[in-house]
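# Close look at the chain arrangement
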Amino acid sequence: MTLTEAYQAAHYRIDADPPIVLRIGQAQPALRSLMPSGSETGGIFLTACNPYSRRLRPAANARRLRALRRAVERLGHAWLPGRGLDPLGQWPDEPSLWIPGLPLDEGLQLARRFGQNALVRCGPDTVARLVWIR
């Protein structure tokens, strides 16, 4: 399986109550409850773990995720925890964040800063789209 196929097949779970699972190319109407009212930006699903798909130790990934949370908070955005999940079980779960209302340009900056290949963006239509960084 190529890297592109792996990202497209992944499940991107937002740990809301109840959890919401994003799938690339699919709408997730339940996501509207997690978007800012009247928002045209939707939201971004992003991790700081395993930069450029290089596996790091759990402690290193935890430090990176804490740094991402601080960066998001400094930008004035709320977030919900989430996880990137490999349905085939070949890649470890990646702790992640759902950041409602984060504009794409800020999401791209964060993804670059934390060495990510891609992020998941959901617009007001709630369709999950993969946005490649590199």
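Structure shown above.
Residues numbered from 1 in each chain as written. Predicted model: local features only at pLDDT ≥ 70, side-chain atom pairs only at ≥ 80, totals over all residues. Heavy atoms only, no water.

Below, the discussion takes up the nonpolar core. In this structure, Leu46, Leu68, Val72, Leu97, Leu110, Phe114 and Leu119 are the most contacted members of the largest nonpolar core, which totals 18 residues. Elements with a minimum of two residues in this core: strand E3 (43-46), helix H2 (58-74), strand E5 (94-100) and helix H3 (104-113). Looking at which element gives the most residues to this core, the answer is H2, with five residues. With near-sequence residues (within four places) excluded, phenylalanine 114 lies in contact with Ala48, Pro51, Arg64, Ala67, Leu68 and Ala71. Residues Tyr12, Trp98, Ala118 and Ala128 belong to the second largest nonpolar core, which totals 17 residues. (Core = buried A, V, L, I, M, F, W, Y, C linked by side-chain atoms within 4.5 Å. Buried < 20%, exposed > 50% of the residue type's maximum accessible area, 1.4 Å probe, protein only. Helix = DSSP H or I, 4+ residues; strand = E, 2+ residues; numbered from the N terminus. Contact = heavy atoms within 4.5 Å.)

The seven strands lie next to each other as E2-E1-E4-E5-E3-E6-E7, forming an open sheet whose pairing is antiparallel. Strands at the two margins of the open sheet, each flanked by one partner only, are strand E2 (20-22) and strand E7 (128-132). Adjacent strand axes in the sheet meet at a mean angle of 30°, parallel and antiparallel pairs treated alike. As defined by bridge partners, strand E4 (residues 80-85) adjoins E5 across five bridges and the pair is classed as antiparallel. Looking at E5, one finds that glycine 84 is bridged to glutamate 94. H2 contacts E3 and E5 of the sheet and is inclined by roughly 5° relative to E5. Strand contacts of H3: E3, strand E6 (118-122) and E7, with the helix running at about 160° to E6, the strand carrying the most contacts. (Pairing = 2+ DSSP bridges. Axes fitted to C-alpha atoms, helices over the stretch in contact; angles between N-to-C directions.)

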